Amino acid sequence: MRAAGHHQLLEILSRSHIGGSNSIGGPALASQLGVKPRTVRAMVLKLRENAIAVCGSPEIGYFIAETPEEVDATCKLLEQHGLHQLHVASRMRKTTLPELLGQLHLNT
């Protein structure tokens, strides 16, 4: 993935897709960028890792946050997905989530 791709994605979002009411779906973004939707998801992740407030969900698409509430809603969604993945990993290892994370177990 080229840095220019990330820049181009940010340019598209910043130009026309600020606020949840102006969101754009992943497939539409992919078409504009000439990439696959999976590549768009990776590009969004990279922008988020660089503290760019790219918000959204699979149901509504992507957009640049206009309000703190939009950032909060996306962060909560990301946290839920992360916790779900950790729960699945703990089930596969047949252990508890705290044990999976290496937390101390206190006898009560």
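Residues numbered from 1 in each chain as written. Predicted model: local features only at pLDDT ≥ 70, side-chain atom pairs only at ≥ 80, totals over all residues. Heavy atoms only, no water.

Explain the side chain of Ser57 to me, using residue names and the numbers behind them.
Along the chain, Ser57 falls in strand E1 (residues 54-57). Using a relative accessible area of 19% as the deciding quantity, one classes Ser57 as buried. There is a polar contact of 3.0 Å between the side chain of Ser57 and the side chain of Glu59. (Helix = DSSP H or I, 4+ residues; strand = E, 2+ residues; numbered from the N terminus. Buried < 20%, exposed > 50% of the residue type's maximum accessible area, 1.4 Å probe, protein only. Polar contact = N/O pair within 3.5 Å; in protein donor to acceptor, adjacent residues only side chain to side chain.)

Account for the layout of surface pockets, naming residues and giving values.
Roughly 380 Å³ of volume is contained in the largest pocket. In this structure, the largest pocket is lined by 16 residues; those nearest its centre are Arg41, Arg48, Ser57, Pro58 and Tyr62. At the level of elements, helix H2 (26-33), helix H3 (37-49), E1, strand E2 (61-64) and helix H4 (68-92) are the ones that each hand at least two residues to the lining of the largest pocket. With 5 residues, the top contributor of residues to the lining of the largest pocket is H3. (1 Å grid on protein atoms, 1.4 Å probe; cavity = no way out; pocket = protein on both sides within 12 Å on 5 of 7 lines; lining within 4 Å. Points joined across faces, edges and corners; volume = space filled by probe spheres on them.)

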